[in-house]
Amino acid sequence: MHRWLIPLLLVLWGAALPASAAEQPASPFFPYPMKVDRLPNGLTVIRVPFNSPGLIAYHTVVRVGSRNEVEPGRTGFAHFFEHMMFKGTKNFPEGEREKVIAAYGYDDNAFTSDDITVYHSYGPTAGLLKLVELEADRFRHLEYPEPSFQTEALAVLGEYHKNAALPWLKLEEELSRTAFTRHPYGHTTLGYYEDIKAMPQAYAYSRAFFERWYTPDNVLLVIVGDFDDAALMAAVQQHYGPWEGKSASIQLPKEPPQKQERFVHIDWPQSTQPQLLYAWRTPAARLDTSDAAVQAVLGTYLVGTTSPLYKELVLDKQLAQDLDGSTTPHRDPHLFSISATLQKEENRAAVRSALNAAVKELVTGKVDAARVEAIKSRTRYGLLMNMETAKDVAQQLSWYAGIYGTPDALARHAQKISEVKPGDLVAFARRYLPAANRTVLSLTPKQAGGQK
């Protein structure tokens, strides 16, 4: 960019600044000041100055994931589109953007989840203004011919085959399709296999998908690191300001209440460790309730390495190789799960009995208040320790802002965790952890030598 152009753009930008521009000070829950602007077209721009001399992290969060795939036969498109976003534009045909990115030395990639798709770059501040131009260009002007689309569809099919060679995709597929009968959470981010195979014939639909969700009001930019804020915002206004479009409005199928326990079993054709998983239906993540915060503590409380259950099953009796408590905030009602990797198939009944006993103890009101406080403290400091670089901070901000839909979601989620009381775990367990509200998944591998 010519030097003389920046002051002019600053004037234009100053005239166009929306009323929503705001600066949020550091807090015990997010230790860095944050600036937030919302452009007239709805694009949210989050900036965090960070002591990373010469380095910036640049994330683009699109609030679209597999939850948005409501049409039969069209699952997997949020993830597929993550691939297509690297296919070029008229200004920067396929490969040209990557040459510039490589010349600056950026670490550049993307990922898709149930709820969001995130494009991320990490590298030198010297390339930031060019990066703004490149990113705005592909979000506004993405172009790809049908043959390129069909080739990429085959690459996605190959990605499915690669993942299907391990048991984890099958576990996720079977759990999702059993726990959800209507909501799009019933399929994984990769999508149903038959839908993936049919993708090469869906070129027109792919263009509609892009226009439906890749709109400025459905996107958040997160920039963290060493940068000149005025110059950055001038470039953002110049390149993203003309971006037009409004995100689609869809009616998501509502999942009916679960009224009885569900079971699903997998016979895995290769040798691996047996698995046992409990997953209960739980509410959507919201910042005006404590449900997501309670789940963030509950998994560690029940099966974490300091839990009596871990000591009994993993360390003392060695019935299980490992235990895990899993919860990820979701935009819609999702799952809280605990799982065990068994040492042997014959340990399954004993491990299941121990998991049941641990949940029952909590439901009856017995809770170790000191351990709850310790878990809350570790969770908070763990969160802070995972923000040591500009890239780390951008990742955390992007994830929580994308899920909750507000720039300060990370700090508010952390504050909610600090407010969890021991009685909250008991109340949550009584309401959401009855057997009738859970899905039990088991996996039995083929033993070495071909005998089950």
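Keep in mind the model is a prediction, meaning the values are calculated, not measured.

> What am I meant to see in the sheet that holds strand E6 (residues 117-124) here?
An order of E1-E2-E3-E7-E4-E6-E5 is seen for the seven strands of this open sheet, with the pairing classed as mixed. With partners counted over all chains shown, the strands left at the sheet margins are strand E1 (22-24) and strand E5 (107-112), one partner each. Taking each pair of neighbouring strands and ignoring which way they run, the sheet shows an average axis angle of 15 degrees. The sheet contact formed by strand E4 (residues 55-62) and E6 spans eight bridges and is antiparallel. Each bridged residue has a counterpart across the sheet, and for Val 61 the counterpart in E6 is Val 118. Where helix H9 (residues 229-240) meets the sheet, its contacts fall on strand E2 (34-38), strand E3 (44-49), E4 and strand E7 (219-225), and the angle it forms with E3 comes to roughly 160 degrees.

> For this particular structure, what's the right way to read the nonpolar core?
A general trend in soluble globular proteins is that nonpolar side chains are found buried together. Core analysis: the biggest nonpolar cluster contains 52 residues, and Leu 43, Tyr 58, Phe 81, Tyr 214, Leu 221, Val 236 and Tyr 240 have the highest contact counts within it. The set of elements that each furnish at least two residues to this core consists of E4, helix H2 (77-84), helix H3 (96-104), helix H4 (128-141), helix H5 (146-164), helix H8 (203-213), E7 and H9. At six residues, the largest contribution of residues to this core is made by H4. When neighbours within four sequence positions are excluded, Phe 81 is seen to be in contact with Tyr 119, Leu 142, Tyr 144, Ser 206, Phe 209, Phe 210 and Tyr 214. By size, the runner-up hydrophobic cluster in this structure holds 38 residues, among which are Tyr 310, Ile 338, Ala 354 and Val 359.

> How should the pattern of salt bridges be read in this particular structure?
Pairing between side chains of opposite charge can happen when their charged atoms approach one another. The tally for this structure, following the rule as stated, stands at 27 salt bridges. Across the pair Asp 316 and Lys 311 runs a salt bridge whose closest N-O atoms are separated by 2.8 Å. Classification of Lys 311 as partly exposed rests on a relative accessible area of 47%. Here the salt bridges do not stand alone but share partners, grouping Arg 97, Glu 98, Asp 108, Glu 135 and Arg 138 into one network.

How each quantity is defined
- Residues numbered from 1 in each chain as written.
- Predicted model: local features only at pLDDT ≥ 70, side-chain atom pairs only at ≥ 80, totals over all residues.
- Heavy atoms only, no water.
- Pairing = 2+ DSSP bridges.
- Helix = DSSP H or I, 4+ residues; strand = E, 2+ residues; numbered from the N terminus.
- Axes fitted to C-alpha atoms, helices over the stretch in contact; angles between N-to-C directions.
- Contact = heavy atoms within 4.5 Å.
- Core = buried A, V, L, I, M, F, W, Y, C linked by side-chain atoms within 4.5 Å.
- Buried < 20%, exposed > 50% of the residue type's maximum accessible area, 1.4 Å probe, protein only.
- Salt bridge = Lys/Arg side-chain N within 4 Å of Asp/Glu carboxyl O.

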